[in-house]
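Now for the letters of each chain:
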Amino acid sequence: LVQAFLLPATDSNFTRTLAIVAKDNQVHIYPDTEDASRAVRDITTPVYYYIVDRESGGVSGFRLSKGLAEKTWAASFEGKVVGIAVPHGKEHTYSPAVILGDRSLLAKFLNRNAIALAVLSSQFTLHIHVVDTVTGAV
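Sequence order as written defines residue numbering, which begins from 1 separately in each chain. Only residues with pLDDT of at least 70 are given local features in this predicted model, and only at 80 or more are side-chain atom pairs given and counted; all residues enter the totals for whole chains, interfaces and linings. The side-chain values count all of the structure's non-hydrogen atoms but skip hydrogen atoms and water molecules.

### A closer look at the overall build of the protein chain
Turning to step 1, where the next piece is worked out: Comment: elements are numbered from the N terminus, with helices defined as DSSP H or I runs of at least four residues and strands as E runs of at least two. Summing up its helical and strand segments, the protein chain has one helix and eleven strands in all.
Turning to step 2, where the next piece is worked out: Moving toward the C terminus, one meets the helices and strands of the protein chain in the order β-β-β-α-β-β-β-β-β-β-β-β.
Turning to step 3, where the next piece is worked out: As defined in this context, the radius of gyration uses C-alpha atoms, and a globule is described by 2.2 Å times the residue total to the power 0.38. In terms of overall size, the protein chain is more extended than a compact globule, its C-alpha atoms giving a radius of gyration of 18 Å where 138 residues would be expected to give roughly 14 Å.
Turning to step 4, where the next piece is worked out: C-alpha atoms of the protein chain, sized along the principal axes, occupy 60 × 45 × 20 Å.
Turning to step 5, where the next piece is worked out: Note on definitions: a residue-residue contact is assigned when non-hydrogen atoms from the two residues lie within 4.5 Å. When contacts within the protein chain are restricted to residue pairs at least 6 apart in sequence, those whose partners lie at least 24 apart make up 35%.
Turning to step 6, where the next piece is worked out: Residue-level accessible areas treat just the shown protein chains as cover; the underlying method is Shrake-Rupley with a 1.4 Å probe. About 9300 Å² of surface is accessible on the protein chain, with carbon and sulfur atoms providing 55% of the total.

Shown next, in the form of structure tokens:
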């Protein structure tokens, strides 16, 4: 098991489907029924996910569309990934802007697809990288 996540698909019993990614990057659907497989194939927008190799410092992004997964990007960092921070899926921004002292507005933008990686280099320097998991932009 490398990664597991809920898909935005429900079967005829309104059961959410779970995608399980194995070490060989094969995506398995649970429950393993024809009804759930049909619901996954009927997803109209692609689902993006990522896999982090903590030891090598590599990150790969994938797109799941029509039940098929394809690698869309890869990034490599020098060192070992020692921490990952992911925004909570249900997190809300209660104030989309902040009023500054000169009465101007500072708009907030939260990229729900961004993750933060803490990478420890061989010289024991900690680097923080923010990665967009859809595009691979660092």
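Having seen the model, we can carry on.
### Quick look at the sheet that holds strand 1 (residues 3-10)
Turning to step 1, where the next piece is worked out: In this analysis, strands are considered paired if DSSP registers two or more bridges between them. Overall, antiparallel pairing links the three strands, which are arranged 1-2-3 in an open sheet. Because the sheet does not close on itself, it has two edges, and the strands there are strand 1 and strand 3 (27-30). Taken pair by pair, the neighbouring strands of this sheet meet at an average axis angle of 30 degrees, ignoring direction.
Turning to step 2, where the next piece is worked out: Relative to strand 2 (residues 16-21), strand 1 runs antiparallel, the two being bridged by five bridges. In the sheet register, L6 faces strand 2, and the bridge partner there is L18. Inter-axis angles, ranging from 0 to 180 degrees, are taken between N-to-C directions of lines fitted to C-alpha atoms, where helices are fitted over the stretch in contact.

### Quick notes on the environment of A85
Turning to step 1, where the next piece is worked out: Within the element layout of this structure, A85 appears in strand 7 (residues 80-85).
Turning to step 2, where the next piece is worked out: Partly exposed describes any residue whose relative accessible area lies between the buried limit of under 20% and the exposed limit of over 50%, with all areas from a 1.4 Å probe on protein chains only and scaled to the type maximum. On the basis of relative accessible area, A85 is assigned to the partly exposed category, the value being 43%.
Turning to step 3, where the next piece is worked out: Sequence separation of A85 and I128 is 43 residues, and the distance between their C-alpha atoms is 10 Å.
Turning to step 4, where the next piece is worked out: In this view, A85 contacts I115 and A116; residues no more than four positions away in its chain are not counted.

### Some thoughts on the nonpolar core
Turning to step 1, where the next piece is worked out: Joining through side-chain atoms within 4.5 Å is the link that ties buried Ala, Val, Leu, Ile, Met, Phe, Trp, Tyr and Cys residues into a set, and such a set is a nonpolar core. Core analysis: the largest hydrophobic core is formed by 15 residues, its most contacted members being F5, L7, I43, V47 and Y49.
Turning to step 2, where the next piece is worked out: Put simply, the parts of the chain that give this core at least two residues each are strand 1, strand 2, helix 1 (34-41), strand 4 (47-53) and strand 5 (58-65).
Turning to step 3, where the next piece is worked out: Setting aside its immediate chain neighbours within four residues, I43 contacts L7, P8, A9 and K66.

### Some points on the sheet that holds strand 5
Remark on secondary structure: sheet strands pair via backbone hydrogen bonds, oriented parallel or antiparallel.
Turning to step 1, where the next piece is worked out: Read from one edge to the other, the open sheet built from three strands follows the order 4-5-6, with strand pairing classed as antiparallel. In this open sheet, the two strands that pair with only one neighbour each are strand 4 and strand 6 (68-76). Strand-to-strand twist in this sheet, taken as the mean axis angle between neighbours without regard to direction, amounts to 25 degrees.
Turning to step 2, where the next piece is worked out: In this sheet, strand 6 lies alongside strand 5 in antiparallel orientation, the contact comprising eight bridges. Looking at strand 6, one finds that S60 is bridged to A74.

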